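Chain residues, written in single-letter form:
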Amino acid sequence: MKQTVIRGLVASALAGAAVLGAAAPALAAPAPGDVAVVDEPDTSNLDNAYTFAPLGVPVIGLIRSINAAPGKLLPSFG
């Protein structure tokens, strides 16, 4: 019985912490009358093979990294 009460209190405390953590961004938001100023995105480095990601993964950079891995792992002689 005592262990069940302790588990209930711990579960309640964790649930309360989760709710408070989820509410933190809403509590930190500016007042509704304020205007959010958003700058233009930085698109200067989109031609980089490691940042171009048409499928959500930088495909060309991933292939280059996998291809170069054995040379970086194994010692080179000469």
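Residues numbered from 1 in each chain as written. Predicted model: local features only at pLDDT ≥ 70, side-chain atom pairs only at ≥ 80, totals over all residues. Heavy atoms only, no water.

Participant: Tell me about the overall build of the protein, and please be specific about residues and values.
Facilitator: Secondary structure summary: the protein contains two helices and zero strands in total. In the protein, which comprises 78 residues, the proportion classed as buried is 3%. Only carbon and sulfur atoms are counted for the fraction: they give 68% of the accessible area of the protein, which is about 7,200 Å². (Helix = DSSP H or I, 4+ residues; strand = E, 2+ residues; numbered from the N terminus. Buried < 20%, exposed > 50% of the residue type's maximum accessible area, 1.4 Å probe, protein only. Areas by Shrake-Rupley, 256 points an atom, 1.4 Å probe, with all protein chains shown as cover.)

Participant: An account of the environment of Thr51 is needed here, citing residue identities and associated values.
Facilitator: Along the polypeptide, Thr51 turns up in the loop between α1 (2-28) and α2 (59-73). By relative accessible area, Thr51 is classed as partly exposed at 39%. Distance in space between the C-alpha atoms of Thr51 and Gly61 is 7.5 Å, their sequence separation being 10 residues.

Participant: Please set out a nonpolar patch on the surface residue by residue, giving values where relevant.
Facilitator: A contiguous nonpolar surface patch, about 370 Å² in accessible area, is contributed by Met1, Val5 and Leu9. With respect to the helices and strands, Val5 occurs in helix α1. (Patch = residues over 30% accessible without salt bridge, like charges linked within 9 Å, V, L, I, M, F, W, Y side chains within 5 Å. Salt bridge = Lys/Arg side-chain N within 4 Å of Asp/Glu carboxyl O.)

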